[in-house]
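Results of the structural survey
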Amino acid sequence: MKYFILKEASRVLFPALLVLSLVVLYRGHNLPGGGFIGGLLAAIAFILVGFGNSMKRAKDLLRLNPVQIMALGLATAVLSAVPGLLFNAPFLTGEWLPGFSLPLLGKVHLGTPLVFDIGVYLVVLGFVLHSTFSLARLADIQMEEEKS
Amino acid sequence: MPSFLVISLAVIFLASVIAPMVVRALGDRAGWFLAAAPLAAFGLFVSQAPVIASGASLVYEVDWFSALEASFALRLDGLSLLMALLVTGIGTFIVIYTGGYMHGHPQLGRFYLYLLAFMGSMVGLVLSDNVILMFVFWEGTSITSYLLIGFNHEEKSSRWKALQALLVTGLGAMAMLAGLILIGMVTGSYRFSEINGMGDVLQASPWYTAIVLLILGGCFTKSAQVPFHFWLPNAMAGPTPVSAFLHSATMVKAGIFLMARLNPALSSVGGGGLWEYMLAIFGGLTLLLAMFLGLFQKDAKSILAYTTLGVLGILTMLLGIGTEYAIKAMVVFLIGHALYKATLFMVIGSVDHEAGTRDVTLLRGLRKVMPITALAGLLAALSMSGIPPFFGFIGKELIYKAGVGLAGPDLIFLVVAFVGNLVMMGLALKAGVGPFFGKADLAALPKKPHEAPLAMWIGPAVLAGLGLIFGLVPFWVSTHMVEPAIAAIQGSTIHSLELALWDLVKPNLPLLLSALTVAGGCLVFINRRRFWAVADGVLARIRPLGAEAVYDRLFNATIWFSKFQTIRLQTGRLHDYVFFIVATAVAFLAWALFSFWGQPVSFAWASYDPLIIGIVIIMIVAAVVAVSSRSYIKVLAALGVVGFGVALLFAYFGAPDLAITQLLVETLTVVLFMFVVLRLPPLKSISKTRTRLRDAILASVFGALITVLLIQAVNIQFKSPISEQLAAMSYPEAKGKNVVNVILVDFRALDTMGEIVVVAVAALGIAALVSSGLIKRKEASK
């Protein structure tokens, strides 16, 4: 039950959506976007592959297990809280590197809130994919049973 | 060098944490290694004893929750030194003893973990200067003692008794916490060292009675005073080392300790106030009841348990009498009791271990096969009986000295003390001497006894020996432990007192009373079989009238009520849950609305764009379709319309972040729903028309209330909205122009962190559900 158009579309859209999700993640501090939306977009990219091609392919593309991605996200978020402590400020205080300019991106500000947002991104991505894969697994098994 | 206070505490907790690993590495010998921790702490405390004896006190403080007045403040004064020495000193031997007693037990590591954590909590309790810190350690002892008493958790009665101890002491602790907070409110201080200087402030306060009653609620439950005495004999369900430790130096002494600690603050100047009489009367009652019940016991461990109860009664009573001699007697008795009670419990544990029974009607003449244990038991029993030259004699003599100083109706306490001591001596002989003398009948025993291993006799031998040595040369103990402790309990300065035996052995009334006590005690011992003959009948008759019966009834009633409301509220049907939740929300909302009744509800229709009104109408229609449709696809589509409508509203009102999120979530919901929708049974209406009508009304009321409240909320503005402030702060403070994102990742980042943790936990829940579904399916296909 594979649709050609969906499959081909997912092939093109997958990298595009991933890049978009990263852009949304990065620009979130000043413009609409952020880790939550970015994470959802990235999850949708994978789900699209899952529908267009197969859930297995989506899992392969992900490389890591969704639960590991969530753990990574939580660890990243906690890590982003530490620099504040090192500067004798409360836990989670935002600390920023001095701004610099890059071609294409313009003026760049890097700081712990962005790292924190990456953590959020990863947790959301992991959560959505974990739920999707779990439900898909249940549905697949039922389908097999109905066939047999 | 006050940091040694923390070190002594940390060493014990550290030993607790590494105990399972040590046991894995060393097996039964782990006890010798782990005992180093309490021994080190003991050494540290001994090294500070001269400082304390000179009248100084050591303080260590780290700021903790300063906003809650809770600081990590430790203070070593005479009273805490005395208790800390007892806890760590006896604790050292208990740890060693455990290695022999629990030899080869598969969960020895866990046991050491609990035991050392218990010890650490107790040391922390006696060292705390901050009231809140003390409470934390107090609860620590409750929890660890629960784990220890219920250590044989495969047995139902063991679990029940452990829970009983936890509930009784835990509920008492709640009352005590209220009392401690009241003290803090009245005096404005959460430090014992400051509170104790403000006794006059406390007693002038209208809260004084409440404070006394609440504090005593905690102390009486912890120290098993009437009518909360019943948990203590039941606590013997734990392994013997636990009983030995719990009865001699820890747990039950915590209540006594706190009463002594707060004595300067709560006792009235001239004596004879509420505090004094509460202590003296309940202490006396506890003593009498414990001695009465103790007469009928046949299990050596429970005989000892009832004598502990009796001692706790005496100590409380002495504190209540509160004269110079009474406090002196209390401190001396406390030390003496700790030494002989730990010994006797360990001796009985060894007998149980070697002979396989604790029934004193069977145990006889073991002195030939277990000579060292028998000697330790004999010494301890003699000290407990108050025979000179043992340390117990000094304690008892001081009690009588305090007693003869009383006048008028207070003399009743002397009588109570006399009767109590008399029976206690009989019980001491019964448990400590009876099993070892007389004609041996080894064939009647379940096991062939022989001498206990070194680990099991060293503790009893040393502690029993100390009971004799302290009696002969009481000078070090007197100046380093007793005098500073008395000063701390009375809130006075240290002055020396004569404890030497030859000062006490003078022909006077107290000595005569002592002699009578000994004679009476022997009489009780000789006639012990008469009590055993009627024991079962008497105990069975008393049981339904006792405090434990009341506890059982309360406990069962609570269980019944909880079952009743669970059946009513937790039906297991989603429909009912939603109904209850919404109905509760309606009730609260209606109440909220009612409190703002009379506020004009104005709604400016003109200020809304026709576009918005159109979207809202579409959403309403979709909602009605969603409710009334019987097809999943239709319901899903209709819900999608509502969701996208909300997204449009967000977009319209200038919240692009919310709009995007809403759109993505709506999309994902539909996708995820598609996995299951085709596998669900078709939608059916199974509820009655009446139920549906009820739900429809409730839902409409809920919707209407929310609407009205929202309109009200727009009109009522208590303070300037925080959003303006956040928007103004966003760029200068957090270098971000998107306020929503700045709030999420910077201003309220801690909230976000909590939320992503919740998300991750929810994912684990899903994993559990899915895998349980898979397992069920696999089983079904088999």
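Residues numbered from 1 in each chain as written. Chains lettered and ligands numbered in written order. Predicted model: local features only at pLDDT ≥ 70, side-chain atom pairs only at ≥ 80, totals over all residues. Heavy atoms only, no water.

1. Structural notes on the overall build of chain B
For chain B, the helix and strand inventory stands at 33 helices and 2 strands. By principal-axis analysis of the C-alpha atoms, chain B measures approximately 110 × 70 × 50 Å. The burial tally for chain B puts 50% of its 782 residues in the buried class. Taking contacts inside chain B between residues at least 6 apart in sequence as the whole, the part at least 24 apart equals 79%. (Helix = DSSP H or I, 4+ residues; strand = E, 2+ residues; numbered from the N terminus. Buried < 20%, exposed > 50% of the residue type's maximum accessible area, 1.4 Å probe, protein only. Contact = heavy atoms within 4.5 Å.)

2. A short note on the overall build of chain A
Looking only at helices and strands, one finds 5 helices and 2 strands in chain A. A globule of 148 residues ought to have a C-alpha radius of gyration of about 15 Å, yet chain A, at 18 Å, is considerably larger. In terms of principal-axis extent, the alpha carbons of chain A reach across some 65 × 30 × 20 Å. Counting only residues that meet the buried cut, chain A has 45% of its 148 residues in that class. A fraction of 66% describes how many contacts in chain A between residues 6 or more apart in sequence connect residues 24 or more apart. Total accessible area on chain A stands at roughly 7,900 Å², and carbon and sulfur atoms take up 70% of it. (Rg over C-alpha atoms; globule rule 2.2 N^0.38 Å. Areas by Shrake-Rupley, 256 points an atom, 1.4 Å probe, with all protein chains shown as cover.)

3. Quick look at helix α23 (residues 509–526) of chain B
All names here are of chain B. For α23, which comprises 18 residues, the first-to-last C-alpha distance of 26 Å matches the rise-based estimate of 26 Å (1.5 Å per residue) to within 8%. Among the residues making up α23, those that are buried are Pro510, Leu513, Ser514, Thr517, Gly520, Gly521, Val524 and Phe525. Along α23, the residues classed as buried sweep out an arc of 140° about the axis, all on the same side. Those residues of α23 that are exposed and angled more than 90 degrees off the buried face are Leu512, Leu523 and Ile526. In this structure, the buried side of α23 is in contact with α18 (391–404), α19 (412–432) and α24 (528–542). (Expected span 1.5 Å × (residues − 1). Arc of directions from axis to C-beta.)

4. Thoughts on the domain arrangement of chain B
The assigned domain composition of chain B is domain 1 (272–472 + 509–526), domain 2 (535–570), domain 3 (573–726) and domain 4 (727–782). Spacing between the C-alpha centres of domain 2 of chain B and domain 3 of chain B amounts to 48 Å. (Domains from an automatic or database assignment.)

5. Details of helix α1 (residues 4–26) of chain B
Residue and element names in this part refer to chain B. With 23 residues, α1 extends just 29 Å between its outermost C-alpha atoms, more than 12% less than the 33 Å of an ideal straight helix rising 1.5 Å per residue. Along its length, α1 reaches its greatest deviation from straightness, about 50°, at Ile18, and the proline Pro20 lies no more than four positions downstream. When we look at burial in α1, the residues that qualify are Phe4, Leu5, Ser8, Leu9, Ile12, Ala15, Ser16, Ala19, Val22 and Val23. Phi turns positive, to about 70°, at Gly27, one or two residues after α1. (Bend = angle between axes of the 7 residues up to and from the residue.)

6. Considering the interface of chain A and chain B
Contacts between chain A and chain B engage 46 residues on the former and 37 residues on the latter. Here chain A packs against chain B, burying approximately 3,900 Å² in sum over the two surfaces, 76% of which is carbon and sulfur. Of all residues in chain A, His29, Phe116 and Leu138 of chain A bury the most surface against chain B, accounting for 14% of the area lost on that side. On inspection of chain A and its partner chain B, the count reaches 0 salt bridges. Linking chain A to chain B there are 3 residue pairs in polar contact (both at pLDDT 80 or more). Those elements that place two or more of their residues in the side of chain A that touches chain B are α2 (35–52), α4 (66–86) and α5 (112–147) of chain A. When residues in the side of chain A that touches chain B are grouped by element, the largest group, 21 residues, is from α5 of chain A. Split by residue class, the side of chain A that touches chain B holds 30 nonpolar, 12 polar and 4 charged. (Buried area = accessible area lost by both parts, 1.4 Å probe. Salt bridge = Lys/Arg side-chain N within 4 Å of Asp/Glu carboxyl O. Polar contact = N/O pair within 3.5 Å; in protein donor to acceptor, adjacent residues only side chain to side chain. Nonpolar A, V, L, I, M, F, W, Y, C, P; charged D, E, K, R; others polar.)

7. A few points about a nonpolar patch on the surface
Residue and element names in this part refer to chain B. Taken together, Trp605, Tyr608, Leu611, Ile613, Ile617, Val621, Val625, Tyr652 and Phe653 make up a surface patch of nonpolar side chains, about 880 Å² in accessible area. In terms of residues, the nonpolar patch owes the most to one element, helix α27 (residues 610–628), which gives 5 residues. The residue Val625 is located in helix α27 in this model. The partly exposed category is assigned to Val625, whose relative accessible area is 34%. (Patch = residues over 30% accessible without salt bridge, like charges linked within 9 Å, V, L, I, M, F, W, Y side chains within 5 Å.)

8. A look at the nonpolar core
Within the largest apolar cluster, 177 residues are counted, with the highest numbers of intra-cluster contacts made by Phe45, Trp231 and Leu246 of chain B. Sorting elements by how many residues they give to this core places helix α16 (residues 324–355) of chain B first, with 17 residues. Viewed by domain, this core spans two of them, domain 1 (272–472 + 509–526) and domain 2 (535–570) of chain B, each represented by three or more residues. Those residues in contact with Trp231 of chain B that sit more than four places away from it in its chain are Gln164, Ala165, Val168, Thr169, Thr221, Lys222, Ala224, Leu246, Met251 and Val252 of chain B. Core analysis: the next-biggest nonpolar cluster, separate from the first, contains 45 residues, Met55, Val128, Leu129 and Ala136 of chain A among them. (Core = buried A, V, L, I, M, F, W, Y, C linked by side-chain atoms within 4.5 Å.)

9. Some details on the pattern of salt bridges
This model, assessed by the stated rule, comprises 12 salt bridges over all chains. A salt bridge links Arg11 of chain A to Glu8 of chain A; the nearest nitrogen and oxygen atoms lie 3.3 Å apart. Here Arg11 of chain A and its partner Glu8 of chain A are both found in helix α1 (residues 4–27), 3 residues apart, which amounts to about one turn of the helix. On the basis of relative accessibility, which here comes to 58%, the residue Arg11 of chain A falls in the exposed class. Residue class for Glu8 of chain A comes out partly exposed when judged on its relative accessible area of 29%. Taking the shortest distance from any N to any O, the salt bridge between Asp77 of chain B and Arg261 of chain B comes out at 2.3 Å.

10. What to know about the packing of aromatic side chains
For the structure shown, the criterion picks out 19 aromatic pairs over all chains. Aromatic side chains Tyr114 of chain B and Phe151 of chain B sit 6.2 Å apart centroid to centroid with 85° between the ring planes, which places their arrangement in the edge-to-face category. Within this pair, whereas Tyr114 of chain B is found in helix α5 (residues 108–127), its partner Phe151 of chain B is found in the loop between α6 (131–149) and α7 (156–187), the two being separated by 37 residues in sequence. Of the two residues, Tyr114 of chain B and Phe151 of chain B, both sit in the buried class. Consider the rings of Tyr400 of chain B and Phe418 of chain B, whose centres lie 6.4 Å apart with planes at 50°: the pair is tilted. Of the two residues, Tyr400 of chain B sits in helix α18 while Phe418 of chain B sits in helix α19, which places them 18 residues apart along the sequence. Here the aromatic cluster, defined as three or more aromatic residues joined through ring pairs, consists of Trp160, Phe230, Tyr551 and Phe555 of chain B. In this structure, Lys59 of chain A packs its charged tip against the face of Phe133 of chain A, placed 5.3 Å from the ring centre. Sitting above the plane of the Phe525 of chain B ring, Arg528 of chain B keeps its charged end 4.1 Å from the centroid. (Phe/Tyr/Trp six-rings, centres within 6.5 Å; stacked < 30°, edge-to-face > 60°. Lys NZ or Arg CZ within 6 Å of the ring centre and 35° of its normal.)

11. Topic: the side chain of Thr286 of chain B
Assignment of secondary structure puts Thr286 of chain B in helix α14 (residues 274–294). Excluding residues within four positions of it along the chain, Thr286 of chain B makes contact with Ala224, Gln225, Val226, Leu309 and Gly313 of chain B.

12. Some words on the side chain of Thr517 of chain B
Checked against the element boundaries, Thr517 of chain B lands in helix α23. Among all residues touching Thr517 of chain B, those that are not within four sequence positions of it are Lys396, Tyr400, Phe418, Asn421, Leu422 and Met425 of chain B.

13. Topic: unusual backbone geometry
Residues and elements named next belong to chain B. For the bond running from Val226 to Pro227, omega is 5°, close enough to zero to count as cis. Positionally, Pro227 belongs in the loop between α10 (208–222) and α11 (231–234). Omega for the peptide link from Pro388 to Pro389 comes to 5°, which places this bond in the cis form. As for its placement among the helices and strands, Pro389 is situated in the loop between α17 (371–385) and α18. In the Ramachandran plot, Met251 falls in the positive-phi region, its phi being about 35° despite a non-glycine side chain. By secondary structure assignment, the location of Met251 is in the loop between α12 (240–248) and α13 (252–266). Residue Met251 is classed as buried on the basis of its relative accessible area of 0%.

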